[in-house]
Amino acid sequence: MASVPRSFLLLSIIPTILILCADFACCNTGRKTGDGLDTDFSGFSVPLEHSFEVDDVSRFRMRGALQLRGGRETSVSLSQSQLSEEDRNTLKEVAAVDGLYKIRVPRVSLTDRQTERQMDGYLTAFVRACSLVESHLSDVITLHTDVSGYLIGVSIVTIPGACRGTEVEDEVDLEAFNTTLTIIVPTNAPQPETALFIERMDIEHEKRGKPQEQKSFFAKYWMYIVPLVLFLMMSGAQDQSGGGAANGGGR
Amino acid sequence: MSKPTSLFVIFFSLFVMSEAVFEDQVGKFDWRQQYVGKTLFAHFDSHSQSSKKLFLATDKNIFASFNSRTGELFWRHVDKAGPEGTIDILLLHGQDALMVVGGGRLLRSWDTNMGGLNWEAVLDTGSFQAACFVAMQDTVKHVAVLKKAGTVRHWFSYLVYSGGEEEVYVLGVVPNSHLTIIAYSLEDGEIIKQRSVEAPWLSSVESSCVVVGHGVLMCVDTATLALYALPIQAEEAPQFNQILLQSLDLEVSPGFQPVLVSSQPHPARSPISEFFLQLGPDHHVLLQLNADGYTIAPLRDFQPAFLVSFSTTGEKTVAAVMTPKNETSDVFPPQLYVHAFLKKDDSVGYRVLVQTQDHALTFIQQPGRVVWTREEALADVVTMEMVDLPLTGTQAELEGEFGKKADGLFPMVLKRLSSQVILLQAWLAHLWKLFYEARKPHGQVKNEVTIETLSRDEFNLQKMMVMVTASGKLFGIDSKSGSILWKHYLENVQPNAVFKLIVQRTTAHFPHPPQCTLLIKDKDTGLASLHVFNPIFGRKSHIAPPALPRPILQSLLLPVIDQDYAKVLLLVDDQYKVTAFPSTKNVLQQLQEMASSIFFYLIRSDQGNLSGFRLRKDLSTERIWEVVLPTEVQKIVAVNGKRPNEHVHSQGRVMGDRSVLYKYLNPNLLAVVTESTDAHPERAFVGVFLVDGVTGRIIHEAVQRKARGPVHFVHSENWVVYEYWNTKSRRNEFSVLELFEGTELYNSTVFSSLDRPHLPQVLQQTYIFPSPITTMEATLTEKGITSRHLLVGLPSGAILSLPKMFLDPRRPEVVTEHSREENLIPYAPEMPIRTEWFINYNQTVARVKGIYTAPSGLESTCLVVAYGLDIYQTRVYPSKQFDVLKDDYDYVLISSVLFALFFATMISKRLAQVKLLNRAWR
């Protein structure tokens, strides 16, 4: 049972909440957020891009900037701009034709500072545009890293995730993203729990072993054995010669 | 504490009862077939006249002995797989079989009578070149083995020759320069003499030279079109004597490398002076070296003749020539072994063993009668499927009646009557058969399975096993008896081809025949072709498969069916274009409608790239997600989805407190297993990623530290079980991952990857497994009610049926009331291996490579086929036979009790009535 909470702790959900900025033209680099625990790893910023087109041909535009901080405690925050009037309309149109809303981030390493952080290629994920609209731009973006701190995947889901076909009247609902951002590092899979098992076995053994050790076979059944022995001795003493003869004959 | 312990004991004793075969059940539901592989060397046992032994050494590193009358295996020695166990040569003399193994590493002598090892000697290092027996005064005492040790001589090809004298000759050639002849003394291995002969035309002594007659080296040269003769033992400076082929009126087929075939019947005597010269693919000439040792006389011309061979008995030598009977013989035999023997009337009899290209081994006796055939291609099964057998004629008739559209009342009545008559007929025939068979004594009743009598049994326990072998031969095997019902050899299959077998239409759609498609893909170029066939009869379908000009990256079977009930196969080429098969108008229309909900994934393990695509209406594709695992850190070794025909009966698990823990049943989930590129035992790891195949979302990411492969894993229902090697503790470990949605379902009616925002809970536990494993598979049943077992193939050849219950991450470390209520076994770090869990008792499956499971019509029963070198078929009952009455079920007792109760009720009712009446009168 102990493995349940452990595996969950290790998911180490560090939610960093959205930052609403009025007019963000481009990404702002070098912005530090949160605790300044270790200064060795200064944060760096990578662009978060999105694409939503009626004809489903990807044309990625800037959505915001991800502030990544590597090191012992990886953390991430997002600064993003509001959707423009034009974008809002496009998004609604895409939602109407059941198009996709795609995001992408460049492949980077959170820890490796010597080599070039950015590798070629992007990590892409998508969500149905209608669910994004119907959830009033409430999305959850998750970044996945591998053991050595490379970003390996990104995922986006909306809450709620379903497309029910409800119309979003209020334009204000589609202006700003309500983003929950998490970064997930791999869980360490458990090893066989030998130590605990041996400990438990020892305890069990002690509990069970003690009373049995105290009572030996003789101690347990002395009340049957003593009369039997006495009886045998008595009968043997009475006719020793006869018994001997019988034994000899038997052989 | 005593109460839980006793409960625990009772619980385990219940467990132990399961599985295990009773002695009288052996071979009732299971069968095993043993194979040896493609023959490299074959010898007939000529030790005694009446011997019926054959000795084979094969490419699967097996030395085996067969019964030449029946083709059954007497004994077989399976050596290590790979180059370590390669058999370089097999020499037979009397009762000694000498074998050089592992590229010249070991010299072994076997006793041919019993198959026991006489002795084994480790040879000096060096690569094996050639070997022969050396005889002195008619007794064979020595064996000469020639090995190449390092850089001693820069010869490139060798020949060892001994002609019954006290010398052994080694011929080595420096290509296009000269030939060196060295004579070694048999006494002490010293070099007696060494000579060098100019031979600028000679490049390889192995492929173009033989020894004929009294130590004459006969070589053939393509450039000058001439034969060269050289006496090896000549005292003075020897010289090649050129004999032009033209002078013998012989002509070589253009572009053909001529080959010489000679024979040395006994190591104590010199080779016979007759020899064959192959001038073309189907043209051989028998020549004779005259006594002077320089001139050649042609004896006979054989055309067409594919294979030639010599065989000697006593003083007589037989030259065997194999000619094709008809032009259509597609299975060209690459090897021929002939055994000649003297009959009682002193005439020569012969037996022939032919190895054909499709790895079939055929034994032929004198009048050209085929005694037996062994399908050795089955020693290398690549993939297989089990297909339901068709219904019987009567069943099909009924199906047809209800399947077709109604056409008026009167015809319907007539049809019904006719089908009733057919049913009555079939029933009477069945009764007659029963009666007829009952009169025969037991044991004589034998049901021969032929392709005509094939029909589905009551519980669908008998199926057709369609097996694809590496040589490109397809087999249809009856799962009940193991007899081969059809075979089909696919020519032009590259040796490195990858096969994927797809069942497009099952037998359920009468009158449409079932349809299987085999995707054959060249591993290097990626170019693929399709072979469409009927899995019941093995016949090639008349449906023309689409031409596939571009390399194929991915193939996927859609649940979409065309108007003929065939599932649609989508093939994605390297330009991400999609080809549909079948591609009728109906299908294309359906595809267009469904395009936006058809997703697929591609994996490029060399780049660590996983990407997802969506189909567009015009059958082009768009990339919608991408996950990249950097290859500098880890490489993808395996990806596995779930089996599409898997059913999960229970949506959740009832816990001790009566609440339900719902399973996370994502049909699109992929399990991706990676291994670290860093092989250091402290830093090596195995990664397990659970990725949604539609959205590309990483559901779970776990790293098993200090671990390395080979990783074997099974992905099913809501769990993944994987096995790896722990580098720190140096042992094999099993780990199980289970995914749960929690106590509430997000959407209980339908699962959609696009609408499942919450990540599942993941539970994991790891256990020590006391044995390495070679393969793993989970049992599969019709409705998924039966508990699951894991079938684990062990290197020992045993197949272990491990209850999934032991691999449950919810096994508690401390026993509580709740866990006891739930029947959870307390956690123990070591997984037990109980011998009664071996489903194949003593029928070990050598080098088990894969296990295939298929559901049967009975929910309790799962059909299992394990294949490797051998094929083993059986049934397993993971939850015992809960839906089958036992064989010894007492029908008499239960019916007599029923009748007694019935009459008792009647009588007591009557009595009660009488009593009531009497009381009313009172």
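Our subject in this report is the structure included herewith. Fair warning: this is a prediction, and the values are worked out from it, not measured in the lab.

Conventions used here
Residues numbered from 1 in each chain as written. Chains lettered and ligands numbered in written order. Predicted model: local features only at pLDDT ≥ 70, side-chain atom pairs only at ≥ 80, totals over all residues. Heavy atoms only, no water. Phe/Tyr/Trp six-rings, centres within 6.5 Å; stacked < 30°, edge-to-face > 60°. Helix = DSSP H or I, 4+ residues; strand = E, 2+ residues; numbered from the N terminus. Buried < 20%, exposed > 50% of the residue type's maximum accessible area, 1.4 Å probe, protein only. Lys NZ or Arg CZ within 6 Å of the ring centre and 35° of its normal. Pairing = 2+ DSSP bridges. Contact = heavy atoms within 4.5 Å. Buried area = accessible area lost by both parts, 1.4 Å probe. Salt bridge = Lys/Arg side-chain N within 4 Å of Asp/Glu carboxyl O. Polar contact = N/O pair within 3.5 Å; in protein donor to acceptor, adjacent residues only side chain to side chain. Nonpolar A, V, L, I, M, F, W, Y, C, P; charged D, E, K, R; others polar. Axes fitted to C-alpha atoms, helices over the stretch in contact; angles between N-to-C directions.

A word on the packing of aromatic side chains. According to the stated counting rule, one finds 25 aromatic pairs over all chains in the structure shown. Where Phe44(B) meets Phe363(B), the ring centres are 6.2 Å apart and the plane angle is 45 degrees; that geometry is what we call tilted. Residue Phe44(B) is located in strand β2 (residues 39-44), and its partner Phe363(B) is located in strand β28 (residues 360-365); the two are separated by 319 residues in the primary sequence. Each of the two residues, Phe44(B) as well as Phe363(B), counts as buried. Relative to Phe613(B), the ring of Phe600(B) has its centre 5.4 Å away and its plane inclined at 10 degrees; by these criteria the two rings are stacked. Taken as a pair, Phe600(B) in strand β40 (residues 599-604) and Phe613(B) in strand β41 (residues 609-615) lie far apart in primary sequence, 13 residues in all. Take Phe600(B) and Phe613(B): they sit in the same class, and that class is buried. An aromatic cluster is defined as three or more aromatic residues linked by ring pairs; in this entry it consists of Phe44(B), Phe66(B), Phe363(B) and Trp372(B). Positioned over the ring face of Phe52(A) is Arg61(A), at 4.7 Å from the centre of the ring. The cationic tip of Arg643(B) hangs over the ring face of Tyr852(B); the distance from NZ or CZ to the ring centre is 5.5 Å.

All names here are of chain A. Counting buried positions along strand β3 (residues 44-51) gives seven out of eight residues, so the element sits mostly inside the fold. Taken together, the seven bridges between β3 and strand β4 (residues 61-69) define a ladder with antiparallel strand orientation. Bridge assignment links Leu-48 to a residue of β4, and that residue is Gly-64. Pairing of β3 with strand β6 (residues 100-108) involves three bridges; the strand directions are antiparallel. Note on β6: the bridge partner recorded for His-50 is Ile-103.

This part takes up the interface of chain B and chain A. How big an interface is tends to be expressed through the accessible area that disappears when the partners come together. Taken together, the 58 residues of chain B in the interface contact 50 residues of chain A. Regarding the contact of chain B and chain A, the summed buried area is about 4400 Å², with carbon and sulfur atoms giving 57% of it. Put simply, chain B and chain A have one salt bridge between them. For Glu622(B), the salt bridge identified is with Lys102(A), shortest N-O distance 3.2 Å. The tally of links between chain B and chain A comes to 16 residue pairs in polar contact (both at pLDDT 80 or more). Of all the secondary structure elements, the ones that give two or more residues to the side of chain B that touches chain A are β42 (621-628), β47 (685-692), β48 (698-705), β50 (719-726), β51 (731-742) and β52 (761-769) of chain B. It is β52(B) that contributes the most residues to the side of chain B that touches chain A, eight residues altogether. Among the residues making up the side of chain B that touches chain A, the classes are represented as 32 nonpolar, 11 polar and 15 charged. Direction of pairing for strand β11 (residues 187-188) of chain A relative to β48(B): parallel, over a ladder of two bridges. Each residue of the ladder has a partner; that of Asn188(A), found in β48(B), is Val703(B).

This part is about the sheet that holds strand β16 (residues 209-212) of chain B. Residues and elements named next belong to chain B. Taken in spatial order, the four strands make up an open sheet running β16-β17-β18-β19, and their pairing is antiparallel. Since the sheet does not close on itself, it has two edges, and those belong to β16 and β19 (241-244), each with one partner. Neighbour-to-neighbour, the strand axes of this sheet turn through a mean angle of 25 degrees, independent of strand direction. Here strand β17 (residues 216-221) runs beside strand β18 (residues 226-231); their pairing, made up of six bridges, is antiparallel. If you follow Val-216 over to β18, its bridge partner there is Pro-231.

Coordinates in, geometry out; function isn't part of it.
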